[in-house]
Amino acid sequence: MIKNIIPALRLTIVCLIFFVGIYSAIIWSIAQFAPGKGKSETVTQNGKTYYPNVGQAFTQDQYFWTRPSAVDYNAAGAGGSNKGPSNPDYLKEVESRIDNFIKHNPTVAKADIPSEMVTASGSGLDPHISVQGAKIQIDRIAKVRNIHQDKLNAIIIQNTEKPLLGLFGTEKINVLKLNLALDNLK
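One structure accompanies this document, and this report is about it. Given the structure is predicted, the values throughout are model-derived calculations rather than measurements. (Residues numbered from 1 in each chain as written. Predicted model: local features only at pLDDT ≥ 70, side-chain atom pairs only at ≥ 80, totals over all residues. Heavy atoms only, no water.)

### Examining the packing of aromatic side chains
- Scanning the entire structure with this criterion turns up 4 aromatic pairs.
- Taken together, a centroid distance of 4.9 Å and an interplanar angle of 80° make the contact between phenylalanine 18 and phenylalanine 19 edge-to-face.
- On the basis of relative accessible area, phenylalanine 18 is assigned to the partly exposed category, the value being 35%.
- Owing to a relative accessible area of 48%, phenylalanine 19 belongs among the partly exposed residues under this scheme.
- When the centroid spacing of 5.8 Å and the interplanar angle of 80° are considered together, the rings of tryptophan 65 and phenylalanine 101 count as edge-to-face. Placement of the pair is tryptophan 65 in the loop between strand 2 (48-50) and helix 2 (88-104) and phenylalanine 101 in helix 2, with a sequence separation of 36 residues. In this pair, the class of tryptophan 65 matches that of phenylalanine 101, namely buried. (Phe/Tyr/Trp six-rings, centres within 6.5 Å; stacked < 30°, edge-to-face > 60°. Buried < 20%, exposed > 50% of the residue type's maximum accessible area, 1.4 Å probe, protein only. Helix = DSSP H or I, 4+ residues; strand = E, 2+ residues; numbered from the N terminus.)

### Let's talk about the side chain of arginine 97
- Mapped onto the fold, arginine 97 is located in helix 2.
- Of note is the side chain of arginine 97, whose polar atom sits 2.7 Å from the side chain of glutamate 93.
- Dropping the residues within four chain positions of it, arginine 97 is found in contact with Pro68, Ser69, Val118, Thr119 and Ala120. (Polar contact = N/O pair within 3.5 Å; in protein donor to acceptor, adjacent residues only side chain to side chain. Contact = heavy atoms within 4.5 Å.)

Right, dumping it as C-alpha cells:
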C-alpha cells in the first residue's frame, strides 16, 4: 500500500505546484495584454465608469433598448429563467414584453421584432443586440431626440461588431457603447 501512496502524494504535490502556481502565473501574464489588464474592460465618459461586457437596463425612449434580463441585470447572480418555450408563465411574460415594445415603437409590426428584444439570454446579462434590433428602434429615438434617422443609422454602423475572423458568429452591437455614442451626438 505504501508503494501506491508515495507516488500519489508526489503527483498531488506536482499538480498543486503546476496548477496553483505555474498555470495561474501563465494565465495572469496573458491577461496583462487584454484590455483592462484582466480586470475587465471599462469605458469612462463624463466622469462615470461603465462595464460594457455586462448587460445594463436601458428602458427610456431616448435610448436603444437592450435585451431583457431574467436576473434584472444583477451580475452577482447571472442565469436564465429556466422556463421552457411552452411554459404558460414564460409565454405570458414574452407577450407582455412584445406589447410593451409595440407600445413604445408603434411603427414596428409584431412579426418584425427580433427575438432578442423580448427574450432574455441564457446568462441574463447579454450586452449585445442584433443590428436589426437596433434599427427597428430608430423611429422612436429619432422622434424623442429630434435627430435625423441618417445620424442614427451612422452610429449603428460605427458600433457594429463584425463576426470573429469574418466567419464565426453574427454582427452585433454593444448597447452601452451605442447609447454612449448616441449621447455624444451633437
